[in-house]
Structure formats: C-alpha cells, structure tokens
Amino acid sequence: MREQRIILVGFCLILSGLGLVGFQTDFQHFFPGKEWKDDQGVHINAHGGGFLIHEDIYYWFGEHKIAGKEGNKAHVGVRVYSSKDLYNWKNEGVALEVHDDPNSLLVKGCVIERPKVIYNEKTKKFVMWFHHELKGQGYDAALTGVAVSDQVTGPYAYLESVNPNAGIWPENYPDSLKSKPVNLDEMEAWSAEWRAAVVDGIFLRRDFDRGQMARDMTLFVDDDGKAYHFFSSENNQTLHVAELSEDYLSHTGRYTRVLPGQQNEAPAIFKKEGKYYMFSSGLTGWKPNPGKSAVADHPLGPWTPLGNPTRGTEEEMNTTFWSQSTAVIPVLGKEDAFIFVGDRWTPENPIDGKYIFLPVQFEDSKPIIRWQDQWDLSFFDQNESTDE
Ligand code: DGJ
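Residues numbered from 1 in each chain as written. Predicted model: local features only at pLDDT ≥ 70, side-chain atom pairs only at ≥ 80, totals over all residues. Heavy atoms only, no water.

Where an unreviewed UniProt entry is consulted, the protein chain appears under the name Glycosyl hydrolases family 43, with the organism given as Algoriphagus faecimaris. Per UniProt, the comment on the protein chain under Sequence similarities (unreviewed entry) is "Belongs to the glycosyl hydrolase 43 family." (UniProt positions renumbered as here; feature names shortened; annotations may be inferred.)

Novice: Let's hear about the overall build of the protein chain: which residues, and what values?
Specialist: A count of helices and strands for the protein chain gives 6 helices and 22 strands. Relative to the globule expectation of 21 Å for 388 residues, the C-alpha radius of gyration of the protein chain, 21 Å, shows essentially globular dimensions. Expressed as lengths along the three principal axes of its C-alpha atoms, the size of the protein chain is roughly 70 × 55 × 45 Å. The burial tally for the protein chain puts 54% of its 388 residues in the buried class. Contacts in the protein chain between residues far apart in sequence, at least 24 positions, make up 51% of those at least 6 positions apart. About 17,300 Å² of surface is accessible on the protein chain, with carbon and sulfur atoms providing 50% of the total. (Helix = DSSP H or I, 4+ residues; strand = E, 2+ residues; numbered from the N terminus. Rg over C-alpha atoms; globule rule 2.2 N^0.38 Å. Buried < 20%, exposed > 50% of the residue type's maximum accessible area, 1.4 Å probe, protein only. Contact = heavy atoms within 4.5 Å. Areas by Shrake-Rupley, 256 points an atom, 1.4 Å probe, with all protein chains shown as cover.)

Novice: Kindly report on the packing of aromatic side chains, identifying the contributing residues and their values.
Specialist: Tallied over the entire structure, the rule returns 33 aromatic pairs. With 5.1 Å between their ring centres and 80° between their planes, W60 and W89 make a pair best called edge-to-face. Here the residue W60 occupies a position in strand β2 (residues 57-63), and W89 occupies one in the loop between β3 (77-83) and β4 (90-97), the gap between them amounting to 29 residues. We classify W89 as buried; its relative accessible area is 1%. One aromatic cluster in this structure is built from F30, W36, F51, W60, Y81, Y87, W89, Y355, F357, W375, F379 and F380. The cationic tip of K272 hangs over the ring face of F362; the distance from NZ or CZ to the ring centre is 4.2 Å. (Phe/Tyr/Trp six-rings, centres within 6.5 Å; stacked < 30°, edge-to-face > 60°. Lys NZ or Arg CZ within 6 Å of the ring centre and 35° of its normal.)

Novice: Explain the site of the ligand to me, and be specific about the residues and the numbers.
Specialist: What surrounds the ligand is the set E113, R114, Y139, D216, E265, G285, W286 and Q324. A distance of 2.5 Å separates an oxygen atom of the ligand from a polar atom in the side chain of D216. Between Q324 and the ligand, the recorded distance is 3.0 Å, taken from a side-chain N or O atom to an oxygen atom. With the chains in place, 90% of the 290 Å² that the ligand exposes on its own is no longer accessible. Here the residues of the shell around the ligand are counted per class, giving 2 nonpolar, 2 polar and 4 charged. (Near = heavy atom within 4 Å. Polar contact = N/O pair within 3.5 Å; in protein donor to acceptor, adjacent residues only side chain to side chain. Nonpolar A, V, L, I, M, F, W, Y, C, P; charged D, E, K, R; others polar.)

Novice: Account for unusual backbone geometry, with residues named and values stated.
Specialist: The omega angle of the peptide bond from G154 to P155 is 5°, so this bond is cis rather than trans. Tracing the backbone shows P155 in the loop between β7 (143-149) and β8 (157-162). In this model, G301 is joined to P302 through a cis peptide bond whose omega is 0°. Following the sequence through the fold, P302 ends up in the loop between β15 (292-296) and β16 (303-307). A positive phi angle is found at K124, which is not glycine, with a value near 60°. By secondary structure assignment, the location of K124 is in the loop between β5 (111-120) and β6 (125-133). Looking at K124, the relative accessible area reads 46%, which means it is partly exposed.

Novice: Tell me about the side chain of T320, residues and numbers included.
Specialist: Within the secondary structure, T320 sits in the loop between α5 (314-319) and β18 (324-330). Under the relative-accessibility criterion, T320 is labelled buried at 5%. At a separation of 2.9 Å, a polar atom in the side chain of T320 contacts the main-chain amide nitrogen of G291. For T320, the residues in contact, after removing those within four places along its chain, are N289, P290, G291, T310, F340 and I369.

Novice: Just give me the short version of the pattern of salt bridges, but keep the residues and values in it.
Specialist: Pairing between side chains becomes possible if they bear opposite charge and their charged atoms approach one another. Within this structure, the stated rule accounts for 24 salt bridges. Measuring nitrogen to oxygen at the nearest pair gives 3.2 Å for the salt bridge that ties K108 to D100. Residue class for K108 comes out partly exposed when judged on its relative accessible area of 32%. Of the residues examined, D100 reaches a relative accessible area of 61% and is grouped as exposed. With its nearest N and O atoms 3.6 Å apart, the salt bridge here joins R215 to E133. With R215 in the loop between α4 (202-206) and β9 (217-221) and E133 in strand β6, this pair connects stretches of sequence that are 82 residues apart. (Salt bridge = Lys/Arg side-chain N within 4 Å of Asp/Glu carboxyl O.)

Here it is in structure tokens:
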C-alpha cells in the first residue's frame, strides 16, 4: 500500500513537472510548524485562519500573505482551501479580493486579519467577518468587516466595516461606571491608576458614541444557531463578545466585556459537554507569548481564566510552541475531538509563516496542548484525557 502510494505520488510529481496535472499531496500526518504544501505544491497561504465544516468538507480561510516587509498587508485578500481529511488541502482560490480602486475600503495595502466564515442555515448564505484596518492608517481604525456569499469558496461580496455597538452599553457594565470621566490625558499610560481605569472601562466610555474597537477576532455558532463575535476591544485591553443578528450580518447590540484589562488577543472558541472554552494570547505584536485559556457556561460569559494551556519546557510555555492561537477545529466523526491551530508569524517575510496543529487534551478539566513532531487523527482514539 505504502509503495503504491509512493509510486502514485512520484507519478503525479512527474506529470505536474510536465504541467499535465496539479501537484498531488498524500499526507497521512500533521507535521506542526513545518512547510505544508497544498495540491499545487505551494505552502498553504491562509494565516490567522478560520475553519468551517460544510457538507463534511473542511474549509480553511486565511490571510493571503506576500513576501517581504509589506507582506502582512492585504495585497490579494482572503484565500480558501478545502480538505476532506485535514491533512491534504486543495487551493480553492481567493474568497475575498482586495481591489486597485483607491476609493474602496478594501483597496490593496489595507489590513485584513483573522477572517472567519460561518454558514447561516436560515438564509443559506456564508458570512465572513474579519479584522479590517484602513490603508495608510496603521491599526488605528480597529474596524471589523463583513462579507457574504452564496458559495462557500466565494467570491464574497464585501458589505461594510464597522466599529460595533455604537451608543450601546455592554450588558455587564454597571450603571455606576457609565458617567465616570474619560480623563486619559491626566494619567500616565501603564500606571496603576491607568490600569484601574482600563479595568473600569475608560476606553469603552471613550468609544461609546463612535462604536467600539474590534481587532483580533473569531466567530462561534452555538447549537441553537446563535452566532457570537469575539474581538479584542478597548485598545486590546479587554475582549468583547457580541451576539450577531439572525442573518449574521450585523450585531444585535447584546454584548459583554470579558476579562477586563487582561489583554487577550487571538481568541479561539470551542464547546465541549455544554461548556465553552477559549484559547487566547497575550499582546506582543507578531512575537509569541504565553497562551491563555478560559471557560464559561455561556458565550457571553462570565469567563473564568484557566491559565496557560501549554505543557512543555519553559520556552515552549512562554511562546505557545512559538505560535499564537487562531482557531480550534472540531474533528468530523469523532466525539469531543478538537485541534488547536496556531500561527508561527514571520513578519520579516510573512508568506513563510507556518502553522501549528495540535490535539486538544484535557487535564484536570482544563484544555491543554502538548508538542508532537508528527501525529494523526488516530491520536484521539488512543488517548483518553486524564480527567476522571
Ligand atoms: C497580533 C495579532 O494577533 C495579529 O493578528 C496581528 O494583528 C499582530 N498582532 C500585528 O502586530
């Protein structure tokens, strides 16, 4: 069987060399952190990825990066791949394109990060949300964009970008804080006074009229079909969780502040046995940092921190295996089997960034990840969690 496979791969390589067929991969394992070729023999280009399962096929959406220092800006858009087994991925093209038109908010050179796609059973539409920064404005706009398509692989039609929940207070924000002054000018950034003011929501109040900042993000669809948008808000100091409308194209105005002042980026959510779990990271730009985890009984919280989910050496724990969380994939056909997905950013040449896929394990009722050079999905059949 193995020999047949080698001959088949060799045959395809020859044909692809002659330009007769696409490159064919036949991976049977994950190799975290290594180059990962798609069906055309090109390293997968879908960073800050989001995963959707539709009709028993996995779709991987992500930032298409280019080579060089400008490579973290959007010059192509959001790329999508499909897979039946999670090991071998077919390039399905560009799902959301950026444009040459300088009047478009999606002009080449803007920033599009962490795109996530969900399927709306009622409207039969695929809805993509992403972190969107405007060309030439750094990370100041802190917008979230939304796009929609009838086809899972697109093309997605861009609708708008917003600072969510303008003029609306979070459900869990006490009345007593709503009229506190926004006296940021009187405080030294990072002082104890400033930190206390951040926890109290000074940035939330500052942005109340214009709408809230929305940077690193993910989406989660619950079993009842309700969708939630998790994003780093309030100068990245506090997460917000906002309910999406029935068509998933806007926010309902129902939202909460989560872990105020605790600096969470890169949220990734999954649900197991009625509980909601979150992986996230700290705030160190493109550099890795110690991962975080949390648990809740409802997407809107309250969320309880569970600590660093990484198990390994000190360096591994301090860098999340040199990665930053981006998604958790539920494995088809296996109960309670989840894969942690992280990015290894390479800002000096962003197209080179690699991916970490690791099985989520449970230890003392906490989701954890351990390093594996190579593994496959049979891991989930052999390994019971250490929980009783
Ligand atoms: C960390 C975020 O998680 C990334 O998505 C990206 O926004 C970088 N910061 C930019 O420095």
